[in-house]
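The residues making up each chain are set out below.
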Amino acid sequence: MKRIPAPDIVDVFVYVVVLNLAIEYVPTVISETFTLSLLTAVLLKAVLEVVVRIKNRAKGRFKAAETPLARLGAGVLLWLVLVGSKFVVLELIDLFFGDSVSLGGFWSVTGLILALLLARLGVRRLLGEPTD
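Residues numbered from 1 in each chain as written. Predicted model: local features only at pLDDT ≥ 70, side-chain atom pairs only at ≥ 80, totals over all residues. Heavy atoms only, no water.

### Considering the overall build of the protein
When you go through the protein residue by residue, the secondary structure sums to four helices and two strands. Order of helices (α) and strands (β) in the protein, N terminus to C terminus: α-β-α-α-β-α. In terms of overall dimensions, the protein has a C-alpha envelope of 50 × 35 × 30 Å along the principal axes. Counting over 132 residues, the protein shows a buried share of 32%. The long-range fraction of contacts in the protein, counting pairs at least 24 apart against all pairs at least 6 apart in sequence, stands at 62%. In the protein, 14 positive and 11 negative side-chain charges are present, and the distance between their average locations comes to 12 Å. (Helix = DSSP H or I, 4+ residues; strand = E, 2+ residues; numbered from the N terminus. Buried < 20%, exposed > 50% of the residue type's maximum accessible area, 1.4 Å probe, protein only. Contact = heavy atoms within 4.5 Å. Lys, Arg positive; Asp, Glu negative; His and termini not counted. Charge placed at Lys NZ, Arg CZ, Asp CG, Glu CD.)

### Let's talk about a nonpolar patch on the surface
Residues Leu-69, Leu-72, Val-76, Trp-79 and Leu-80 make up a contiguous nonpolar surface patch of about 560 Å² in total accessible area. Mapped onto the elements of the fold, Trp-79 is located in helix α3 (residues 68-97). (Patch = residues over 30% accessible without salt bridge, like charges linked within 9 Å, V, L, I, M, F, W, Y side chains within 5 Å. Areas by Shrake-Rupley, 256 points an atom, 1.4 Å probe, with all protein chains shown as cover. Salt bridge = Lys/Arg side-chain N within 4 Å of Asp/Glu carboxyl O.)

### Digging into the packing of aromatic side chains
Scanning the model with the defined rule gives three aromatic pairs in all. Taken together, a centroid distance of 5.2 Å and an interplanar angle of 25 degrees make the contact between Phe-87 and Phe-106 stacked. You can see Phe-87 sitting in helix α3 and its partner Phe-106 sitting in helix α4 (residues 106-127), a full 19 residues away along the chain. Residue classification places Phe-87 among the partly exposed residues on the basis of a relative accessible area of 46%. Residue class for Phe-106 comes out partly exposed when judged on its relative accessible area of 22%. Each member of the aromatic cluster is reached from another via a ring pair, and the members are Phe-87, Phe-106 and Trp-107. (Phe/Tyr/Trp six-rings, centres within 6.5 Å; stacked < 30°, edge-to-face > 60°.)

### With respect to helix α1 (residues 6-25)
Along an α-helix, residues three or four positions apart point the same way, because every turn accommodates 3.6 residues. Given a rise of 1.5 Å per residue, 20 residues ought to cover 28 Å, and the 29 Å separating the end C-alpha atoms of α1 matches this to within 8%. Of all the residues in α1, the buried ones are Asp-11, Val-12, Val-14, Tyr-15, Val-16, Val-18, Leu-19 and Ala-22. Packing partners of the buried residues in α1 comprise β1 (29-31), α2 (34-64), β2 (101-103) and α4. (Expected span 1.5 Å × (residues − 1).)

### Re the packing of α1 against α2
One can describe the packing of α1 onto α2 by two numbers: an axis separation of 8 Å at closest approach and a directional angle of 120 degrees. When the axes of α1 and α2 are compared, the pair comes out oblique. The interaxial crossing formed by α1 with α2 has right-handed handedness. Of the residues in α2, those touching α1 at Asp-8, Asp-11, Val-12, Tyr-15, Val-16, Leu-19, Asn-20 and Ile-23 are Phe-34, Ser-37, Leu-38, Thr-40, Ala-41, Val-42, Leu-44, Lys-45, Leu-48 and Glu-49. (Axes fitted to C-alpha atoms, helices over the stretch in contact; angles between N-to-C directions. Parallel < 35°, antiparallel > 145°, perpendicular 65-115°, else oblique. Left-handed = near helix turned anticlockwise from the far one by under 90°.)

So this is what it looks like as structure tokens:
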């Protein structure tokens, strides 16, 4: 059986804390139970890992672009990943949890995701773990 790396477990705990703070202080962010917020944190961890990998590949394409047209194409791709990922998160939350969990709209989920990633970075630095 494959073990889950410790930094991934810590990330989920950080996401639970940040998500529950958002639930408490942002009226549009709702979770009916703590269990649902924990499951939401796990889903967010999985989705954000995929999004970060895709974003890094798009950034690599942008940096490697040698022509203005290639740079423009890579820039559009990067923008689509950054904006489109928020809609993917909202749809997946709705698909998995229905009305029991709501992350609000585009702007609240964008703020939440930024807070999640910044908190994750801060905790990883605090613990001396490698950052992505």
